[in-house]
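Residue-level structural notes
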Amino acid sequence: MPLIIMCGYPCSGITRRAHELKEYFTQNTERKVHIVGDEDQGLDKNSVYSDSQKEKNLRGALRAEVERKVNKDDIVILDSLNYIKGYRYELFCLIKHTQTPHCLVYCLTSADVSSEWNKGREADSRYKQEICLDSHSDGTHSLQRIHCLDALILRFEAPDSRNRWDSPLFTIQQEDLLPFEAICDALFKRKAPPPNQSTKNVRQPLSSTNFLYELDKVTQDVLMAVLESQKTSVPGDLISIPGATEKIEFTRSLNMVELRKLRCQFISYTKMHPTENIGQIANMFVQYLNKSMH
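Bear in mind that the values here come from a model prediction, so they are computed numbers and not experimental data.

The next point concerns the pattern of salt bridges. Across all of its chains, the model carries 17 salt bridges by this definition. Note that Arg17 is salt-bridged to Glu20, the shortest N-O span being 3.3 Å. Remark: Glu20 and Arg17 occur in helix H1 (residues 14-28); sequence separation between them is 3 residues, near one turn of the helix. Residue classification places Glu20 among the partly exposed positions, given a relative accessible area of 25%.

Written out as structure tokens, the structure is:
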């Protein structure tokens, strides 16, 4: 059944509003209500949100958990910042595939208010100012001193009801009451968005580990293994790749730009021709690289 996507700055009342929604639906419907959120992952938010790779892994884990819990009977509430437009679009694609309605609840606060609410939290639950190790896609790292809350606010991409993935949109300010009836109408009296014509009759692979998340993670791991092995390899060597039985037939060195381009091409192709066997992604990518290097 329906998915409610929470959205807002850090310390904007997202979790409080998520629990208000759960209480309302529990008392007024016979449906089970599941809250999926950052806290369920048992991670330190300062560590996660100051490291791009850790944050990416968190988003993948949350999406996978939502995918597992969405069904014809239950209500799922995603209690997270959900501040990236592209990620909200991924969630929209998920509900299109599962044929269930959704809505977005945007907890609107100013940066100053969020900062004050952050200061009012217990010390161990605040966003802290610390040295952040930022990981880049090319394997390098940079150190910077930044307040994690301020950084997240700067990166925030506000929802826009003109975008189909951000609609229906309910914008809630700190003093507002949640419009429970309007949210119910959006979830229970509205048809689910239709699937894409190209995928209407195609069963996409839905797995506990999440297909798109695994596709991204495995191909990145293969990429890093190739880069590292190239340093000590000579043409004619066979390079072993963790998680793959196939080996890279090393003929020449590929730089990061070339490898990124090949990875993007492979991901685009695989999204259009998904495999049901996620365990074969590494082998498929190795085969693709071998063909592309010759």
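That was the structure; now back to the text.
By convention here, two paired aromatic rings are described through the distance between centres and the angle between planes. Per the counting criterion, the structure on display carries 9 aromatic pairs. Taking 5.1 Å as the distance between ring centres and 85 degrees as the angle between the ring planes, the aromatic pair formed by Tyr9 and Phe156 counts as edge-to-face. With Tyr9 in the loop between strand E1 (3-8) and H1 and Phe156 in the loop between helix H6 (148-155) and strand E7 (169-173), this residue pair connects regions lying 147 residues apart in the sequence. A ring pair is formed by Tyr24 and Phe180, whose centres lie 4.4 Å apart and whose planes are at 10 degrees; its orientation type is stacked. Here the residue Tyr24 occupies a position in helix H1, and Phe180 occupies one in helix H7 (residues 180-188), the gap between them amounting to 156 residues. Using a relative accessible area of 23% as the deciding quantity, one classes Phe180 as partly exposed. Between the NZ or CZ atom of Lys45 and the centre of the ring of Tyr127, over which it lies, the distance is 5.2 Å.

Further remarks concern the nonpolar core. Soluble globular proteins tend to bury their nonpolar side chains together. By size, the foremost hydrophobic cluster in this structure holds 51 residues, and its most contacted members are Ile4, Met6, Leu21, Phe25, Ile77, Val105 and Ile183. Apart from residues lying up to four places away in sequence, Phe25 is in contact with Ile4, Val33, Ile75, Ile183, Cys184, Leu187 and Phe188. One finds Phe211, Ile248, Leu289 and Met293 within the second-largest nonpolar core, a separate group that totals 26 residues.

With that out of the way, let us pick up the environment of Asn283. Relative to the helices and strands, Asn283 is located in helix H10 (residues 281-293). Since its relative accessible area comes to 6%, Asn283 is described here as buried. A C-alpha to C-alpha distance of 9.6 Å links Asn283 and Val222, two positions 61 residues apart in sequence. If we ignore the near neighbours within four places in the chain, the residues touching Asn283 are Ala244, Thr245 and Glu246.

Ordered by their spatial adjacency, 5 strands build an open sheet running E2-E3-E1-E4-E7, and the pairing between neighbours is parallel. In this open sheet, the two strands that pair with only one neighbour each are strand E2 (33-37) and E7. Strand-to-strand, the axes of this sheet are offset by a mean angle of 20 degrees, without reference to chain direction. One ladder, built from 5 bridges, connects strand E4 (residues 102-108) with E7; its direction is parallel. Across the sheet, the residue bridging to Val105 is Phe170, located in E7.

Taken over all residues, the pLDDT of the protein chain has a mean of 84, while the share at 70 or more is 87%. Ignoring residues within four places in sequence, the model shows residues 197-209, a span with pLDDT below 50, making 21 contacts including any to other chains.

Turning to the packing of helix H8 (residues 211-230) against H10, a few remarks are in order. Between H8 and H10, the shortest axis-to-axis distance is 9 Å and the interhelical angle comes to 50 degrees. Relative to H10, H8 is oriented oblique. Helix-helix and strand crossings are classified by hand; for H8 and H10 the assignment is right-handed. Side by side, H8 and H10 meet where Phe211, Glu214, Leu215, Val218, Thr219, Val222, Leu223 and Val226 of the first sit next to Ile281, Ala282, Phe285, Val286 and Leu289 of the second. Grouping the amino acids of the contact of H8 with H10 by side-chain chemistry returns 11 nonpolar, 1 polar and 1 charged.

We now examine the environment of Thr219. Position of Thr219 among the secondary structure elements: in helix H8. When its relative accessible area of 0% is taken as the criterion, Thr219 is described as buried. Sequence separation of Thr219 and Ala282 is 63 residues, and the distance between their C-alpha atoms is 6.7 Å. In this view, Thr219 contacts Arg263, Phe266, Ile267, Ile281 and Phe285; residues no more than four positions away in its chain are not counted. Here Asp216 takes part through its backbone oxygen, which lies 3.1 Å from a polar atom of the side chain of Thr219.

Rules used throughout
Residues numbered from 1 in each chain as written. Predicted model: local features only at pLDDT ≥ 70, side-chain atom pairs only at ≥ 80, totals over all residues. Heavy atoms only, no water. Salt bridge = Lys/Arg side-chain N within 4 Å of Asp/Glu carboxyl O. Helix = DSSP H or I, 4+ residues; strand = E, 2+ residues; numbered from the N terminus. Buried < 20%, exposed > 50% of the residue type's maximum accessible area, 1.4 Å probe, protein only. Phe/Tyr/Trp six-rings, centres within 6.5 Å; stacked < 30°, edge-to-face > 60°. Lys NZ or Arg CZ within 6 Å of the ring centre and 35° of its normal. Core = buried A, V, L, I, M, F, W, Y, C linked by side-chain atoms within 4.5 Å. Contact = heavy atoms within 4.5 Å. Pairing = 2+ DSSP bridges. Axes fitted to C-alpha atoms, helices over the stretch in contact; angles between N-to-C directions. pLDDT = per-residue confidence, 0-100. Parallel < 35°, antiparallel > 145°, perpendicular 65-115°, else oblique. Left-handed = near helix turned anticlockwise from the far one by under 90°. Nonpolar A, V, L, I, M, F, W, Y, C, P; charged D, E, K, R; others polar. Polar contact = N/O pair within 3.5 Å; in protein donor to acceptor, adjacent residues only side chain to side chain.

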